[in-house]
Amino acid sequence: MVHVGIGYDVHQLTAGRKLVLGGVEIPHTKGLDGHSDADALMHAICDAVLGALGEEDIGHFFPNTDPRWKGVPSRIFLEEAAKQAARRGGKIVNVDATLIAQAPKIYPHIAEMKKRIAAALGVSEKQIGVKATTNELMGFIGREEGIAAMAVAGVDLPE
Ligand code: MG
């Protein structure tokens, strides 16, 4: 039976940090602040997969108070989510995600993001959807104070 999970994440944009989204470093004047590489897209996907398993969220597995996860690439979190799915005999059916960012332009990086997300989850790129939208200049995302991501994941689990 296919179980569906949802994930959402947001990080603040700040000067002096790299901008990493979907495992891709994107040239920009600011980057996302956080304990790890602050890859909001991978974090949202991670929570979507964990949610489909009925598991606790990414913060439970990787607390931001734990120095082990400081500055780490977020693919580690996705690999763990995939491991949790496999442990239950589950198969990730698909992931779909939307990035909400006023700037920079996300579209040129989407193909590479899909590749890296698929690799971390151990699935094909065809199973990964990544889309992007601006926030039409409104609110904190519109003011370029942060970037948000949402994701859903389908995981086929034995009854
Ligand atoms: Mg996060």
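This is a predicted model, so every value here is computed, not measured.

S.K.: Break down the overall build of the protein for me, citing the residues and quoting the values.
M.R.: Secondary structure summary: the protein contains 5 helices and 7 strands in total. For 159 residues, the compact-globule estimate of 2.2 N^0.38 gives 15 Å, and the C-alpha radius of gyration of the protein, at 15 Å, lies within 12% of that figure. Taken along the three principal axes of its C-alpha coordinates, the protein extends 45 × 35 × 25 Å. A separation threshold of at least 6 residues defines the contact pool for the protein, and within that pool the share at least 24 residues apart is 71%. Split by element, the accessible area of the protein, about 8,000 Å² in all, is 54% carbon and sulfur. Each charge sign in the protein was given a centre, from 17 positive and 20 negative side chains, and these centres are 5 Å apart.

S.K.: Describe the coordination of the magnesium ion, with residues and values.
M.R.: Summarising the metal site, the magnesium ion is bound by the protein donors D9 (OD), H11 (NE2) and H43 (ND1), whose distances to it range over 2.1 to 2.2 Å. When the donor residues of the magnesium ion are listed from N- to C-terminus, their spacing reads D-x1-H-x31-H. Remark: H43 occurs in helix α1 (residues 40-52) and D9 occurs in strand β1 (residues 2-14); sequence separation between them is 34 residues.

S.K.: Please provide a residue-by-residue account of unusual backbone geometry, values included.
M.R.: The phi torsion of most residues other than glycine is negative, and most of the peptide bonds are trans. Here the residue pair A103 and P104 is connected by a cis peptide bond, since its omega of -5 degrees sits within 30 degrees of zero. As for its placement among the helices and strands, P104 is situated in the loop between β5 (91-100) and α4 (110-121). Positive phi outside glycine occurs at A38, with the angle close to 65 degrees. Within the element layout of this structure, A38 appears in the loop between β4 (31-32) and α1.

S.K.: Lay out the packing of aromatic side chains with the relevant residues and their values.
M.R.: To describe a pair of aromatic rings, one takes the distance between the centres and the angle between the planes. Applying the stated rule across the entire model yields 2 aromatic pairs. Between F62 and W69, the aromatic rings sit 4.7 Å apart at their centres with planes inclined by 85 degrees, giving edge-to-face as the arrangement. Residue F62 shares its accessibility class with W69, and that shared class is buried. Note on F62 and F77: the rings are 4.4 Å apart at their centroids and 40 degrees apart in plane angle, and the pair reads as tilted. Pair noted here: F62 is in the loop between α2 (58-61) and α3 (75-87) and F77 is in helix α3, with a separation of 15 residues, a long-range link. Residue classification places F77 among the buried positions, given a relative accessible area of 3%. Three or more aromatic residues link up through ring pairs in this structure, and these residues are F62, W69 and F77.

S.K.: Mind laying out the nonpolar core, listing which residues take part and the relevant values?
M.R.: Core analysis: the biggest nonpolar cluster contains 48 residues, and I45, M113, I117 and L121 have the highest contact counts within it. Elements supplying a minimum of two residues to this core: α1, α3, β5, α4, β6 (128-133) and β7 (146-156). Looking at this core element by element, the count peaks at 10 residues for α1. Every residue in contact with L121, bar those within four places of it in the chain, is listed here: I45, V49, L78, A82, I92, V95 and I128.

S.K.: Please give an account of the pairing of β1 that cites residues and values.
M.R.: Pairing analysis gives 11 bridges linking β1 to β7, with the strands arranged antiparallel. Residue pairing for β7: V4 is matched across the bridge by G154.

Basis of the calculations
- Residues numbered from 1 in each chain as written.
- Predicted model: local features only at pLDDT ≥ 70, side-chain atom pairs only at ≥ 80, totals over all residues.
- Heavy atoms only, no water.
- Helix = DSSP H or I, 4+ residues; strand = E, 2+ residues; numbered from the N terminus.
- Rg over C-alpha atoms; globule rule 2.2 N^0.38 Å.
- Contact = heavy atoms within 4.5 Å.
- Areas by Shrake-Rupley, 256 points an atom, 1.4 Å probe, with all protein chains shown as cover.
- Lys, Arg positive; Asp, Glu negative; His and termini not counted.
- Charge placed at Lys NZ, Arg CZ, Asp CG, Glu CD.
- Donors = N, O, S within 2.8 Å, 3.2 Å for Na, K, Ca; no water.
- Phe/Tyr/Trp six-rings, centres within 6.5 Å; stacked < 30°, edge-to-face > 60°.
- Buried < 20%, exposed > 50% of the residue type's maximum accessible area, 1.4 Å probe, protein only.
- Core = buried A, V, L, I, M, F, W, Y, C linked by side-chain atoms within 4.5 Å.
- Pairing = 2+ DSSP bridges.

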